Amino acid sequence: MMKKIITVCSALILLTPLTCWSAGMSREQIKGLDEQVQEIKKDVLAISAELQLLEEKLLYPSTSQVSLFVSVAKGSNYIPDAMQIKLNGKKVAHHIYSFKEVNAMSRGGVQRIYTGNIRGGEHRLDISVIGKSSGSKSKQQTTYTLNKGVGPKLVEINLGTAITIKDR
Amino acid sequence: MNTKVFILLAVFVSSSVIAKDSADVKKDLFFSEGLYYAYQEQYFDAISKIDAELGQYYGLDEPELNSLHFYLNHAEFSIGDFELYYRMHNRAGRAIKSVLEGNVEDVIRNDAAYRLAKIYHQKQQPINALHTIQRIKGEVAEKIKYDLELLKAQIYISNAKFTDAIEVLESIESETAVAGYASYNLAIAYIGNNETAKGILQLDRAGQVNSSDKAVLAMRDKANLALGYKLMENKQPERAAKYFERIRLDGPFSNRALLGSGWAAVAAEKFKQAIVPWSILAKRNVTNQSVQEVLLGLPFAYGKLEAHGKAAVLYGKALDIYSKELANLDNSIKSIREGKFLEAVVREEFRKDKNWLINLRNLPDAPETHYLMQLLASNDFQESLKNYFDLDDLGKKIKSWDGHLDSYTEVIGHRRNYYTPLFPPMQEKFRLLDSRMKLRLAQRKKIADRLNKMLIAPRPDYLAKVNERIALNNIYGIEKKYKTGKNSSSDIDDRISRLKGVIQWNIETEYQDRFTEADKNLRALNEHIEELDRKYRSFVRTRQAATQSFIGYDDQIRQLKNRIRFASEKIELLLARQGHFLEQMSISELENRRKRIEALQIKARFSVAESYDRAVKKQQNLELEKQKQESLKNKPESKPASEKDKPEGNK
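Everything in this summary refers to the structure shown in the same document.

Criteria and cut-off values
- Residues numbered from 1 in each chain as written.
- Chains lettered and ligands numbered in written order.
- Predicted model: local features only at pLDDT ≥ 70, side-chain atom pairs only at ≥ 80, totals over all residues.
- Heavy atoms only, no water.
- Contact = heavy atoms within 4.5 Å.
- Buried area = accessible area lost by both parts, 1.4 Å probe.
- Salt bridge = Lys/Arg side-chain N within 4 Å of Asp/Glu carboxyl O.
- Axes fitted to C-alpha atoms, helices over the stretch in contact; angles between N-to-C directions.
- Helix = DSSP H or I, 4+ residues; strand = E, 2+ residues; numbered from the N terminus.
- Parallel < 35°, antiparallel > 145°, perpendicular 65-115°, else oblique.
- Left-handed = near helix turned anticlockwise from the far one by under 90°.
- Buried < 20%, exposed > 50% of the residue type's maximum accessible area, 1.4 Å probe, protein only.
- Pairing = 2+ DSSP bridges.
- Arc of directions from axis to C-beta.
- Phe/Tyr/Trp six-rings, centres within 6.5 Å; stacked < 30°, edge-to-face > 60°.
- Lys NZ or Arg CZ within 6 Å of the ring centre and 35° of its normal.
- Polar contact = N/O pair within 3.5 Å; in protein donor to acceptor, adjacent residues only side chain to side chain.
- Expected span 1.5 Å × (residues − 1).

Each side of the interface is counted separately: chain B has 89 residues, and chain A has 69 residues. A buried area of about 7800 Å², summed over both sides, lies between chain B and chain A, and 66% of it is on carbon and sulfur atoms. Linking chain B with chain A are five salt bridges, by the criterion used here. As a salt-bridge pair, E50(A) and R563(B) come within 2.5 Å of each other at their nearest N and O atoms.

The structure is reproduced here in structure tokens:
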């Protein structure tokens, strides 16, 4: 008994880097299923991309579309906690930031916080942000007048020691 | 270490991509939005957003004017890169092409190629892994420099290119970044290359690596364990014991080390020494394979020490434990067959936790997970489980999209009902205004052309005022009347000529002023024309937007619904298959463990009987000896006990 156990254990330990767990499943079966899963991911991603375009065209046509994006200034150590946006006095977006979201923004990711429809012309944007800069809490507010033209209106709200609005 | 490397890589690749975003280049908000999701490890959303953005970019007439143009290479690379993270490395070569042929810096591309090779290696596709790793050329990020070499060596080992592996591993063995791993793999490579003596020596070195890193310490333990069992196999238990003793008592290999240590002592016939490690091991979690084995080993050692009574009790205890564990395993197999295991593992709260795999051990409704830790830690199982999670997520997404499409159809219906009655009268009015507008524009054009011609060939008569034209017409009428009549006289002719001359004088002398005035008026008209044109275009756009808000979607929505339905059915099928796979893997593992316990149980039954026999026999011998001594002492007259009075062994 002892010999058997020792032989099995020894073989198991030495072969660990070269073998895998199959638990009764053949390698081909596992591979085949994995490929099918990848295939369905591809299909669903294609549907998702088409749906996004359809949604944009249907719900937010370029003539009336306005999208607000939030980013964190490069090199700043600003950490947003929460944000609220009013468009023409009406609250259209509010968001409380998670650690992951803050991290993503500090690395250059941009959050789309609002997409909606407005008429052409001037519109008032009120932005309030609570956050931390160099460890101390800060509350910032700013007002901006956006001018909606024929094409989609993209506005970037860049957070840092001050709020900077960039009309794209 | 693997997780660490992945995180570091992710940070590196991402920061490299972002480094391109200099202030003078216009930021592409939609691409950056994709990155926002990628940095949160939401790769599906990231791929989908960047895919949609790329699709729009390629559909543009002048894509070079789009802000994505400046990030095109990175977007193409990123999408392949994120597909790797989303475990889509097979995707029609897109990910592979993007990664291996991406027009990005060597450092970034090599990073991704390293990950791709690692995926192939983990998925046991050694040839693909080898081809990928061989494509890595140029600069490599400092952070992965040694990990890359280690992976290269492991891939060489998988492809039985032991000499190449040895060459690579020998060059990095002394590097602290891969301490333990390189040494251990070098030993494997030596053994694979039939250099067993060198392999054993190398394992000895790997078993003495100094480090405070838990992963490195685990590798050190693994090397010692491998060496210990190798020496046991070579019938050198005394040497083997030395290596088992090097292994930490709280590490992942401690149970197997304690077991081996005991067997080494037994092989050297030092049974008392075997009792120490085995007693420690016997108190540990009974679901562990080594613990279950030692439940037989410990009484075996006591038996060898002639403590048959103690051995019989321990065999009895082992039998109780085996019976209990067999019942647990049966319940677990039943529970898995009822789908409770999968139900438990797909719970959101577990999946959100980074340590979900470790937490699986504590699933309240799935006690079987204790038995499945080895299986759960295997790459095949983890990949299958991740696929299961992904399919579950995809199924939820698809379901919600179907609902979205229903809402869109409703919105389109409302819009159609609203706009359809408004269009005919509006069109009629527009048609009339349009024809008037066209007429006026034609007139304006004619005037502009005439003025342009007059710059070259002046025509003062064209700029005669209305009253001058009327006066001239009257004069011409009078002139005609007098010329044909009988009342003609030179006096009248002179007067007519004078009048004509006065008007002509004014027209000729005021020509430049009049021309300037006409040009000024035409320019003033341009402003009105532009305003008219703006309104006209605005109207056309609004009408087009209104039309497009409900026309032309039916086919697209119908097709999407069909695709969603088809995908949904496929997901359901794959989810069931993947779930069945996971259950089968788990059941197969549990059944294997069951068979092992059953085998141990049979051995325990025989051993318990044997121990009782020996214990009883020993007791009888003692009693006989005692009686003999007493009879000799008291000069007894009684006869020896008959054969039938002897107690029978416990069978």
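Read on for the rest.
Quick look at the packing of helix α8 (residues 145-158) of chain B against helix α9 (residues 162-172) of chain B now. Packed helix pairs are specified by the crossing angle of their axes together with the interaxial distance, meaning the distance between the axes. Residue and element names in this part refer to chain B. It is at 8 Å that the axes of α8 and α9 come closest, and there the two elements cross at 155°. By the angle class used here, α8 and α9 are roughly antiparallel. With respect to the hand of their crossing, α8 and α9 are arranged in left-handed fashion. Facing Y146, E149, L150, A153, Y156 and I157 of α8, the residues of α9 in contact are F162, D164, A165, V168, L169 and I172.

Residues and elements named next belong to chain A. At N88, a position not held by glycine, the phi torsion is positive, near 55°. You can see N88 is positioned in the loop between β2 (79-87) and β3 (90-96). Take N88: its relative accessible area is 44%, and that puts it in the partly exposed class.

Residues and elements named next belong to chain A. Across the sheet, four strands lie side by side as β4-β1-β7-β8; this open sheet has mixed pairing. Each edge of the sheet is formed by a strand with only one pairing partner; in this case those strands are β4 (111-117) and β8 (164-167). Along the sheet, successive strands turn relative to each other by an average axial angle of 20°, direction set aside. Pairing geometry for strand β1 (residues 65-72) and strand β7 (residues 153-159), over seven bridges, is parallel. Opposite L68, over in β7, you have V155 as the bridge partner.

Residues and elements named next belong to chain A. Note on placement: S133 falls in strand β5 (residues 121-133). Exposure remark for S133: the relative accessible area of 15% places this residue in the buried category. The residues touching S133, leaving out its near neighbours within four places in the chain, are N77, Y78 and T161.

Residue and element names in this part refer to chain B. Buried within helix α13 (residues 237-246) we find P237, A240, A241, Y243 and F244. Viewed end-on, α13 has its buried residues packed into an arc of 165°, placing them on one side of the element. Turned more than 90 degrees away from the buried face of α13, the exposed residues are E238 and E245. Those residues of α13 hidden inside the fold are in contact with α11 (196-206), α12 (214-233) and α14 (254-267).

Following the criterion strictly, the structure yields 18 aromatic pairs over all chains and no others. Here Y229(B) and F244(B) contribute two aromatic rings whose centre-to-centre distance is 5.1 Å and whose plane-to-plane angle is 75°, an arrangement assigned as edge-to-face. With Y229(B) in helix α12 and F244(B) in helix α13, this residue pair connects regions lying 15 residues apart in the sequence. Comparing Y229(B) with F244(B) shows no difference in burial state: the two are buried. Seen in terms of ring centroids, F430(B) and F539(B) are 4.6 Å apart; in terms of plane orientation they differ by 25°. Their pairing is stacked. Taken together, the residues F430(B) in helix α23 (residues 423-456) and F539(B) in helix α26 (residues 511-548) connect sequence positions 109 residues apart. Residue classification places F430(B) among the buried residues on the basis of a relative accessible area of 14%. In textbook terms, an aromatic cluster arises when at least three aromatic residues are bridged by ring pairs, as seen for Y418(B), Y419(B), F423(B) and F550(B). Geometry around Y86(B) places K41(A) over its ring, the cationic atom sitting 4.2 Å from the centre. Over the aromatic face of Y462(B) sits the side chain of R450(B), whose NZ or CZ is 4.5 Å from the ring centroid.

Now for the sheet that holds strand β6 (residues 136-148) of chain A. Within a sheet, neighbouring strands are paired by backbone hydrogen bonds and run either parallel or antiparallel to one another. Residues and elements named next belong to chain A. In space, the four strands of this open sheet follow the order β3-β2-β5-β6, with antiparallel pairing throughout. In the strand order of this sheet, the two ends are held by β3 and β6, each with one partner. Between one strand and the next, the sheet's axes are offset by a mean angle of 15°, whatever the strand orientation. When β2 meets β5, the two strands line up antiparallel, connected through eight bridges.

With that settled, consider the environment of S211(B). Residues and elements named next belong to chain B. Here S211 is to be found in the loop between α11 and α12. For S211 and E428, which are 217 residues apart along the polypeptide, the C-alpha to C-alpha distance reads 87 Å. In contact with S211, not counting residues within four places along its chain, are V216 and L217. Engagement of the side chain of S211 in a polar contact is seen with the backbone nitrogen of D213, the distance being 3.0 Å.

Once that is clear, we can look at helix α6 (residues 106-122) of chain B. Residue and element names in this part refer to chain B. Over its 17 residues, α6 runs 24 Å from end to end, which matches the ideal 24 Å to within 8%, given 1.5 Å per residue. Counted residue by residue, α6 has 15 buried out of 17 residues, so it is predominantly covered. Two residues or fewer after α6 comes Q124, characterised by a positive phi angle close to 55°.

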